[in-house]
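Observations on the three-dimensional arrangement
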Amino acid sequence: MIDISPELITGIMLSGILVGVLLGYPLAIVVGGIGIVMGFLLFGVDISLELIYQRLFRLINNYILLAVPGFIFMGIMLGYSGITERMFAAMYLWLSGFRGGLAVITILIGTILAACVGIIGASVTALAIIALPEMIKRGYSRTLASGAVCAGGTLGILIPPSIMLVLYGPMAGISVGQLFFGAFLPGFTLSALYITYIAIRSYLQPQIAPAVPVEDRKVPFMKKTTMLLTSTVPVAVLIFSVRGVIFFGIAPPTEAAGVGAFMATLLAIVYRNFSWKTLKEASLITLKSCGFIFVIVTMATAFSAVFLGGGGREVMSNIILSAPGGKWGVFAIVMLIIFIMGMFIEWIAIVYIMVPIITPIAEAAGFSILWFSIMVCVNLQMAFMTPPFASGIFICRGAADPSLGITMGDIIRGVLPHVALVIIGLAIFTFVPELITWLPGQMIR
């Protein structure tokens, strides 16, 4: 065992993550390796293993985490149902006649998928495959089109049933149900900001988002109305089946995830897209996704156990709480730290490393923990669109048809205005905190 100061422990462990990630090593190996090695050096093998085991035992026995596979399966099965294609076809007939209409449709479908899926990879991929080719074919700017795909597809990390919120709640000691409804209005506010930006820019620069000619969308009123209803009403039922049982206190998120998984499967059956092969593939993808998530969660938990045991939380708290500007200076520093970390590190690791540190800091500064937690999650929305990590950008680039000529530069230039809009959203939620706190206050407990 070695005897070093908590300040040095903090510096070594946090800088070690950054160096490891920049060198290209897998995040789970970097985080877990640093935690385990530092634990052995600081506390010895027996004590460090006991420290890590205690936190992992609490993690494994956390009932709310059973919601993760339920929501993932729900999202995957919903993708197999073909509902995304149906919604795009219906909205195409209604909105494509406006300048920027196809990009607006992309954001709207991304918002609906976010309220059903909560899996970034699935949402961005679906929009890149369905909406992106249509926009490029109709003469849309590659930057505007790819920006809409990334921004709309990444809303699922915030709008419930977000996996981030399911993992965040136990770490911060907050009801996941309250987080779900706290994130609801902020998520739709960001969606509205994205749509407003697209509408204004399309009006000012009509050449980058031309309207679809009338002859290409000439369909009888009743037919397009029927298409819209048959594609959106079942989704609305699915959303209510998940949110409603939580909001009215009928069931917690874990059981709601089961209801959602069942309803998504039923939807696939109704649309005649269900088969045993589909069920097998959805189950395997769910298993792989959960494995990926829980490997990072386990390694981040090991890191967090050693970091907290070595006095890292106290060091970070003293530094942040001594910031000039009082409570808002503390808030600004925390937001800056989360933003910078989001550029380099997977959001799962950020949640499991930073939440145990910043939640007591928020309490000490006098913030509402619910409001503060949602602000952190809104901040992490940018992590999917800020290089060099920016998983949303890489997913969009990988899913886009090569024949479209979409480059990484196009996507990055396209998402930067949406990153600025998230910052504007953070300012709005700061001055109007009721957008976060009102709906959870109406829940039936």
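Below, the structure is looked at part by part. Remember, predicted model here, so these are calculated numbers, not experimental data. The numbering scheme is per chain: residues are counted from 1 as the chain's sequence reads. With the structure being a predicted model, the display of local features is reserved for residues of pLDDT at least 70 and the display and counting of side-chain atom pairs for 80 or more, all residues being used for whole-chain, interface and lining totals. Only hydrogens and water are removed before side-chain values are computed, so all heavy atoms of the structure are retained for them.

So, on to the pattern of salt bridges. Every case where a carboxyl oxygen of Asp or Glu lies within 4 Å of a side-chain nitrogen of Lys or Arg is listed as a salt bridge. Tallying each qualifying case throughout the model produces three salt bridges. Between Glu 134 and Lys 137 there is a salt bridge, with the nearest N and O atoms lying 3.5 Å from each other. Of the two residues, Glu 134 and Lys 137 are both situated in helix H6 (residues 120-137); the distance of three residues between them amounts to about one turn of the helix. Here the term buried applies to any residue with accessible area under 20% of the maximum for its type, exposed to any over 50%, and partly exposed to those in between, with areas from a 1.4 Å probe on protein chains only. With a relative accessible area of 58%, Lys 137 lands in the exposed category. Ionic pairing is found between Glu 134 and Arg 138, a salt bridge with its closest N-O pair at 3.4 Å. For Glu 134, a relative accessible area of 16% puts it in the buried group. Salt bridges sharing common partners tie together Glu 134, Lys 137 and Arg 138. Counting from the N terminus, the helices are the DSSP runs of H or I reaching at least four residues and the strands are the DSSP runs of E reaching at least two.

So, on to the packing of helix H14 (residues 326-342) against helix H16 (residues 369-381). For the pair H14 and H16, the least separation of the axes is 9 Å and the interaxial angle reads 35°. Where H14 crosses over H16, the handedness of that crossing is right-handed. Facing Trp 328, Phe 331, Val 334, Met 335, Ile 338 and Phe 339 of H14, the residues of H16 in contact are Trp 371, Phe 372, Met 375, Val 376, Asn 379 and Leu 380. Here the residues of the contact of H14 with H16 sort into 11 nonpolar, one polar and no charged. To get an axis, fit a line to the C-alpha atoms, keeping to the stretch in contact for a helix; angles then go from 0 to 180 degrees between the N-to-C directions. The handedness criterion is simple: a crossing whose near helix is rotated anticlockwise from the far helix by less than a right angle is left-handed, and one whose near helix is rotated clockwise is right-handed. Residues count as neighbours in contact if any of their non-hydrogen atoms are within 4.5 Å of one another. The classification used treats Ala, Val, Leu, Ile, Met, Phe, Trp, Tyr, Cys and Pro as nonpolar, Asp, Glu, Lys and Arg as charged, and all other residues, Gly among them, as polar.

What follows deals with the packing of aromatic side chains. By convention, a stacked pair of Phe, Tyr or Trp rings (six-membered ring in the case of Trp) has centres within 6.5 Å and planes under 30 degrees apart, an edge-to-face pair has planes over 60 apart, and any other such pair is tilted. Evaluation of the coordinates by the stated rule reveals 14 aromatic pairs. Ring centres of Trp 328 and Trp 371 lie 6.1 Å apart, and the angle between their planes is 90°; on these two criteria the pair is classed as edge-to-face. Of this pair, Trp 328 sits in helix H14 while Trp 371 sits in helix H16, placing them 43 residues apart in sequence. Relative accessible area serves as the criterion here: at 5%, Trp 371 is assigned to the buried category. Between Phe 331 and Phe 367 the ring centres are 5.8 Å apart and the planes differ by 45°, which places this aromatic pair in the tilted class. One end of the pair, Phe 331, is in helix H14; the other, Phe 367, is in the loop between helix H15 (347-365) and H16, and 36 residues separate them in sequence. For Phe 367, a relative accessible area of 9% gives the class buried. Here a set of aromatic residues connected by ring pairs shows up, and it is made of Trp 328, Phe 331, Phe 367, Trp 371 and Phe 372. Residue placement shows Lys 327 over the ring face of Phe 367; its charged tip is 4.6 Å from the ring centre. Charge-over-ring placement is defined geometrically: NZ (Lys) or CZ (Arg) within 6 Å of the ring centre, and within 35 degrees of the ring normal.

Turning our attention to the nonpolar core. Remark: nonpolar core denotes a set of buried residues (Ala, Val, Leu, Ile, Met, Phe, Trp, Tyr, Cys) joined through side-chain atoms within 4.5 Å. One finds Leu 132, Leu 167 and Tyr 352 to be the most contacted residues of the largest nonpolar core, which totals 167 residues. For Tyr 352, the contacting residues outside a window of four places in its chain are Leu 59, Leu 65, Leu 167, Met 171, Val 297, Ala 300, Thr 301 and Ser 304.

Here the focus is unusual backbone geometry. At the junction of Pro 160 and Pro 161, the peptide bond is cis and its omega measures out at 10° in the coordinates. As for its position among the elements, Pro 161 is in the loop between helix H7 (142-153) and helix H8 (163-172). In this model, Pro 387 is joined to Pro 388 through a cis peptide bond whose omega is 10°. In this structure, Arg 272 is a non-glycine residue whose phi angle is positive, near 60°.

All right, on to the environment of Ser 275 then. Its location among the elements puts Ser 275 in the loop between helix H11 (253-270) and helix H12 (276-309). Owing to a relative accessible area of 29%, Ser 275 belongs among the partly exposed residues under this scheme. As a C-alpha pair, Ser 275 and Tyr 80 span 195 residues in sequence and 10.0 Å in three-dimensional space.

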